[in-house]
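Chain by chain, the residues:
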Amino acid sequence: MLVAGQWRAGSAGTFGVADPSTGRELARVPRAGADDAAAAVAAASAALPSWASAAPRERAEVLRRAFDLTLARREQLAFLISLEMGKSLADARGEVGYAAEFFRWFSEEAVRVGGELRTAPAGAHRILTLRRPIGVTLLVTPWNFPLAMVTRKLAPALAAGCTVVVKPAEDTPLTALVLGGLLAEAGVPPGVVNVLTTDRPAELVGRVLADDRVRKLSFTGSTQVGRSLLRQAADRVLGVSMELGGNAPFIVLDDADLDAAVDGAMVAKMRSGGQACTAANRFFVQAAVAGEFADRLAARMAALRTGPATDERTELGPMVNERQVEGIARRVEDSVAAGAKVLLGGSRPAGLGYYYPATVLVDVPADAPVAREEIFGPVAPVVAVRDETEALALANDTETGLAAYVYTADLARGLRVSERLEVGMVGLNRGLVSDPAAPFGGVKQSGLGREGGFEGIHEYLETVYVATAW
Ligand code: NAD
């Protein structure tokens, strides 16, 4: 693990990281114990004053070097992501590019943090506002984008002048460890970024959050764990950013360009094997085109080559672990029992590795598990709807609100639907919403705060107001 610029073993032993393509152990990594947690927070706390007061340009240039180095190591990082997480090499290369862009974007934002000067309404006084880094921050990240979910938090935190403890997911700690080394090469001073690994996340995260020196938590992961961390953060009134689960509707209206809609559906559904929080989870297609859309989507999904993630020919790799495959299989089986029909796939292959086939379900009842719960796999449930109103009602009938997709040839209609969708992000005739220059985040139980865009850096800054007699 990386603490105070030094590599160290874990005081609680080690744990294994599996290759999802075979289920075999790939590597053993340190398991952080109480001593490591305290050392990492101490290092981040000691490094804070000088990093927070470093010239913004200096922080920006470190981030810019991190951008260059990440791209220079694209192949190595992509291979590692594929190996430990199971996404195809093409997807992993895409992730490295996306991850690197957060360094570039926030290197540009680091030098643009401003305050404000206003005249008090009564005229006599001035209202001066300053921004300063919130302080030592804990970043807890999921396995589905082992690099990008870390850089999406780390880059704005460093740009703002915060120091961090990163806790990557237990399934994919290797990429985060390599990133720690890369950042040191980019010129991040010792202690500014610390990386702790563990397969006992509740214990470690609890320890770090209880430490008085920690001022902020940024979490990406499931809504269930997010809720429990919000409760813990409440005890210390910590600042929080939460990027939680999704259940994205993908709406295809009857005037849509079906070629574009199927292309968009392939991206929205199949990127990272369907293991994205923004993944299209429910397809609501107007009845006149529902049959044709489902057939065309099934043909495209059937043509995907499945295999070990690091095989250059693979388009759909394994899921990350056995638990995920079981969850997908259960949702599909229960949905079929509830009346859904299998157009493609629908059953687990035998053999090694955590594979689940590309699957299309039609005639899916609106209350079937695949339509209500986040699937997090290569399963596309298609529901035929009468009209825009029914599509919207079904789309919004959920407690989550991260992303949604709408396909229509009529831009006014598309904007009308976009405005009514209860989500934080809409792909309008686009199957991909993620963009480092755009505010990423959810409404309802999908989260609090935004990552990327102009908003992203403000998650790591606080406002100080100085009442001024001029
Ligand atoms: P998860 O909640 O199980 O784990 C996320 C992180 O939390 C991991 O680092 C894990 O070790 C840690 N964790 C797990 N249990 C914990 C506990 N009790 N206390 C403290 N930390 C704990 O989620 P996951 O399975 O790794 O990721 C999938 C979920 O993440 C999906 O729901 C997906 O939608 C969501 N996700 C959201 C976004 C977003 O930006 N909104 C992005 C990617 C993934």
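Residues numbered from 1 in each chain as written. Predicted model: local features only at pLDDT ≥ 70, side-chain atom pairs only at ≥ 80, totals over all residues. Heavy atoms only, no water.

J.: So what about the nonpolar core? Which residues, and what values?
T.: Within soluble globular proteins, side chains that are nonpolar generally end up buried alongside one another. In this structure, L154, V193, F250, F283 and F293 are the most contacted members of the largest nonpolar core, which totals 124 residues. Among the domains, domain 1 (2-244 + 446-468) and domain 2 (248-435) are the pair contributing at least three residues each to this core. Every residue in contact with L154, bar those within four places of it in the chain, is listed here: F103, L139, V164, V166, L179, L183 and V193. Grouped together as the second largest cluster of nonpolar side chains are 26 residues, A43, V208, V214 and A233 included. (Core = buried A, V, L, I, M, F, W, Y, C linked by side-chain atoms within 4.5 Å. Buried < 20%, exposed > 50% of the residue type's maximum accessible area, 1.4 Å probe, protein only. Domains from an automatic or database assignment. Contact = heavy atoms within 4.5 Å.)

J.: Requested: an account of the pattern of salt bridges, with residues and values cited.
T.: Summed over the entire model, instances satisfying the criterion amount to 34 salt bridges. One salt bridge connects E116 with R118, and the closest N-O pair in it is separated by 3.3 Å. The partly exposed category is assigned to E116, whose relative accessible area is 36%. With its nearest N and O atoms 3.0 Å apart, the salt bridge here joins E388 to R413. With E388 in helix α13 (residues 388-396) and R413 in helix α14 (residues 411-420), the pair connects residues that are 25 residues apart, well separated along the chain. In the salt-bridge network here, residues are joined through shared partners; they are D254, D255, E388, R413 and R416. (Salt bridge = Lys/Arg side-chain N within 4 Å of Asp/Glu carboxyl O. Helix = DSSP H or I, 4+ residues; strand = E, 2+ residues; numbered from the N terminus.)

J.: Any chance you could break down the site of the ligand for me, citing the residues and the numbers?
T.: Inspection of the region around the ligand gives 29 residues, with T141, R152, E170, S222 and E374 positioned closest. K167 is positioned with one of its side-chain polar atoms (N or O) 3.0 Å from an oxygen atom of the ligand. S222 places a side-chain nitrogen or oxygen 2.6 Å from an oxygen atom of the ligand. Bound to the protein, the ligand loses 90% of the 830 Å² it would expose on its own. Sorting the residues of the shell around the ligand by element identifies α5 (148-160), α7 (201-210), β10 (214-220) and α8 (223-235) as the ones contributing at least two each. (Near = heavy atom within 4 Å. Polar contact = N/O pair within 3.5 Å; in protein donor to acceptor, adjacent residues only side chain to side chain. Areas by Shrake-Rupley, 256 points an atom, 1.4 Å probe, with all protein chains shown as cover.)

J.: Requested: an account of the domain arrangement of the protein chain, with residues and values cited.
T.: Accessible area lost when the parts come together is the quantity often used to give the size of an interface. According to the domain assignment, the protein chain contains domain 1 (2-244 + 446-468) and domain 2 (248-435). Summarising the inter-unit geometry, the C-alpha centres of domain 1 and domain 2 are found 30 Å apart. Taken together, the contact between domain 1 and domain 2 spans 26 residues of the former and 31 residues of the latter. When the two sides are added together, the surface that domain 1 and domain 2 hide from each other amounts to roughly 2,200 Å², 54% of it contributed by carbon and sulfur. Between the two partners, domain 1 and domain 2, sit 1 salt bridge. Here E312 and R93 are joined by a salt bridge, their closest N and O atoms 2.9 Å apart. (Buried area = accessible area lost by both parts, 1.4 Å probe.)

J.: Before we move on, could you go through the sheet that holds strand β5 (residues 116-119) and cite the residues and values that matter?
T.: Across the sheet, which stays open at both edges, the 3 strands sit in the order β5-β6-β22 with antiparallel pairing between neighbours. Since the sheet does not close on itself, it has two edges, and those belong to β5 and β22 (461-469), each with one partner. In this sheet, neighbouring strand axes are inclined to one another by 20° on average, regardless of whether the strands run parallel or antiparallel. By the bridge criterion, 4 bridges tie β5 to strand β6 (residues 125-133) in an arrangement that is antiparallel. Paired with T119 across the strands is R126, a residue of β6. (Pairing = 2+ DSSP bridges. Axes fitted to C-alpha atoms, helices over the stretch in contact; angles between N-to-C directions.)

J.: Describe α7, and please don't skip the residues or the numbers.
T.: Given 3.6 residues to a turn, an α-helix orients residues that are three or four positions apart in the same direction. Among all positions of α7, only L204, V205, V208 and L209 are buried. Buried residues along α7 cover an arc of 130° about the axis, so they all sit on one side. Away from its buried face, by an angle of more than 90 degrees, α7 presents the exposed residues A202 and A210. Of the surrounding elements, those touching the buried residues of α7 are α1 (34-53), β7 (136-140), β8 (164-167), β10 and α8. (Arc of directions from axis to C-beta.)

J.: Tell me about the packing of helix α2 (residues 56-72) against helix α4 (residues 89-109), and name the residues and values.
T.: Packing of α2 against α4 brings their axes to within 8 Å, and their N-to-C directions diverge by 160°. Comparing the axis directions of α2 and α4 gives the class roughly antiparallel. Helix-helix and strand crossings are classified by hand; for α2 and α4 the assignment is left-handed. Contacts from A60, L63, R64, A66, F67, T70 and L71 in α2 reach V96, G97, A100, E101, F103, R104, F106 and S107 in α4. Taken together, the residues of the contact of α2 with α4 sort by class into 9 nonpolar, 3 polar and 3 charged. (Parallel < 35°, antiparallel > 145°, perpendicular 65-115°, else oblique. Left-handed = near helix turned anticlockwise from the far one by under 90°. Nonpolar A, V, L, I, M, F, W, Y, C, P; charged D, E, K, R; others polar.)

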